[in-house]
Amino acid sequence: MSRIGRMPIAIPAGVTVEVAENNKVTVKGPKGTLERVLPAEMEIKVEGAEVSVSRPNDLKRMKSLHGLTRTLIHNMVVGVTDGFEKKLEVNGVGYRAAKSGKKLTLNLGYSHPVEMEDPDGIETVVQDQNVIIVKGIDKEKVGQFAADIRDKRRPEPYKGKGIKYADETIRRKVGKTGKK
């Protein structure tokens, strides 16, 4: 049995979980509503203040989907209660970020500033020009938008310039050495 899959998901107060046909799960909470269609083979039951996921048989595909389905529902519950956030750091001389309205402007050493629009359900906050915080209730969207921002200028291994996650460590390389 999947160790993650068999764990029940506790539903906190103020959160409602509904399962419609074709395993369409709707989670409503204080921060908003999330909907997702999960694999039809999994059996999702809401019993009192917890949700449980069970699989029909022990085929490899079913075992894989079991833990995934449980984790997706858990992330939806956490998203509507606490929300998710990713922190990015902008490192480099003259590299900075600015926010105006829903537009994030990045100066990353290119000949032009890079402008990015916040997607629906995602909010970006800029702290002292070099820290960007991406917030939202959908973990997948938060992670994807943070990755899109990072892709505008990835950290390079020699000086460490670029946009990196706050918890990321960059493998540094030794530069050229002169001949004697």
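Residues numbered from 1 in each chain as written. Predicted model: local features only at pLDDT ≥ 70, side-chain atom pairs only at ≥ 80, totals over all residues. Heavy atoms only, no water.

Novice: Just to check I follow, could you spell out the pattern of salt bridges for this structure?
Specialist: Once the charged atoms of two side chains with opposite charge are near each other, the side chains can pair. Taken as a whole and judged by the stated rule, the model has 10 salt bridges. For Glu41, the salt bridge goes to Arg61, with nearest N and O atoms at 3.7 Å. Linking Glu41 in the loop between β4 (32–37) and β5 (43–47) with Arg61 in helix α1 (residues 60–81), this pair joins segments that are 20 residues apart in sequence. Looking at Glu41, the relative accessible area reads 33%, which means it is partly exposed. On the basis of relative accessibility, which here comes to 52%, the residue Arg61 falls in the exposed class. The partner of Asp58 in a salt bridge is Arg55, with the nearest N and O atoms 3.1 Å apart. (Salt bridge = Lys/Arg side-chain N within 4 Å of Asp/Glu carboxyl O. Helix = DSSP H or I, 4+ residues; strand = E, 2+ residues; numbered from the N terminus. Buried < 20%, exposed > 50% of the residue type's maximum accessible area, 1.4 Å probe, protein only.)

Novice: What exactly am I supposed to notice about the environment of Leu88 here?
Specialist: For Leu88, the position within the fold is in strand β7 (residues 84–91). The spatial distance from the C-alpha of Leu88 to the C-alpha of Met62 is 36 Å, given a sequence separation of 26 residues. Other than its neighbours up to four places away in sequence, Leu88 contacts Asn130, Val131, Ile132, Val134, Ala146, Ile149, Arg150, Ile163, Lys164, Tyr165 and Ala166. (Contact = heavy atoms within 4.5 Å.)

Novice: I keep staring at the packing of aromatic side chains and nothing clicks. Help me out?
Specialist: Given two aromatic rings, their pairing is described by the distance between the two centres and the angle made by the two planes. Per the stated rule, a full pass over the model turns up 0 aromatic pairs. The ring of Tyr165 has Lys86 sitting right over it, with the charged end atom 5.1 Å from the ring centre. We note Arg153 situated over the ring of Tyr110; from NZ or CZ to the ring centre the distance is 4.3 Å. (Phe/Tyr/Trp six-rings, centres within 6.5 Å; stacked < 30°, edge-to-face > 60°. Lys NZ or Arg CZ within 6 Å of the ring centre and 35° of its normal.)

Novice: Just to check I follow, could you spell out the nonpolar core for this structure?
Specialist: A general tendency of soluble globular proteins is for nonpolar side chains to be buried together. Ranked by internal contacts, the top residues of the largest apolar core, which has 20 residues, are Val17, Val25, Val27, Ile44, Val51 and Ile73. Within the residue set of this core, elements represented by two or more residues are β3 (24–29), β6 (50–54) and α1. Here this core takes 7 residues from α1, the largest share from any one element. Non-local contacts of Val51, meaning those with residues more than four positions away in its chain, are made with Pro8, Ile9, Ile11, Val17, Ile44, Lys45, Val46 and Ile73. Core analysis: the second largest hydrophobic core is formed by 19 residues, Val90, Ile122, Val142 and Ile163 among them. (Core = buried A, V, L, I, M, F, W, Y, C linked by side-chain atoms within 4.5 Å.)

Novice: Just checking my understanding: could you explain the pairing of β5 for this structure?
Specialist: Where a strand is regular, its side chains alternate between the two sheet faces. In the sheet, β5 pairs with β6 via 5 bridges, with the strands oriented antiparallel. Pairing of Val46 across the sheet is with Val51, part of β6. A loop of 2 residues connects β5 with β6, the two strands running antiparallel in sequence, and Gly48 in this loop sits at a positive phi of about 65°. (Pairing = 2+ DSSP bridges.)

Novice: Help me out: how do you make sense of helix α2 (residues 139–151) in this one?
Specialist: Think of an α-helix as turning once every 3.6 residues; residues three or four places apart then point the same way. Here α2 contains 13 residues, and its C-alpha end-to-end distance of 18 Å stays within 8% of the 18 Å for a straight helix at 1.5 Å per residue. Each element contacted by the buried residues of α2 is listed here: β7, β9 (103–107), β10 (114–117), β11 (122–127), β12 (131–136) and β13 (162–165). Measuring from the backbone nitrogen of Glu140 back to the side-chain oxygen at the start of α2 gives 3.1 Å, which picks out Asp138 as the cap. (Expected span 1.5 Å × (residues − 1). Polar contact = N/O pair within 3.5 Å; in protein donor to acceptor, adjacent residues only side chain to side chain.)

Novice: Mind showing me how you'd approach the sheet that holds β3 here?
Specialist: Consider a sheet: its strands pair through backbone hydrogen bonds, and that pairing is either parallel or antiparallel. One open sheet holds the 3 strands; their spatial order is β2-β3-β4, and the pairing between them is antiparallel. On the outer flanks of this sheet lie β2 (16–20) and β4, each paired with one strand and no other. Across this sheet, the average inter-strand angle for adjacent strands is 15°, counted without regard to direction. Pairing of β3 with β4, which is carried by 6 bridges, proceeds in the antiparallel orientation. Along β4, the bridge assignment pairs Lys28 with Thr33. (Axes fitted to C-alpha atoms, helices over the stretch in contact; angles between N-to-C directions.)

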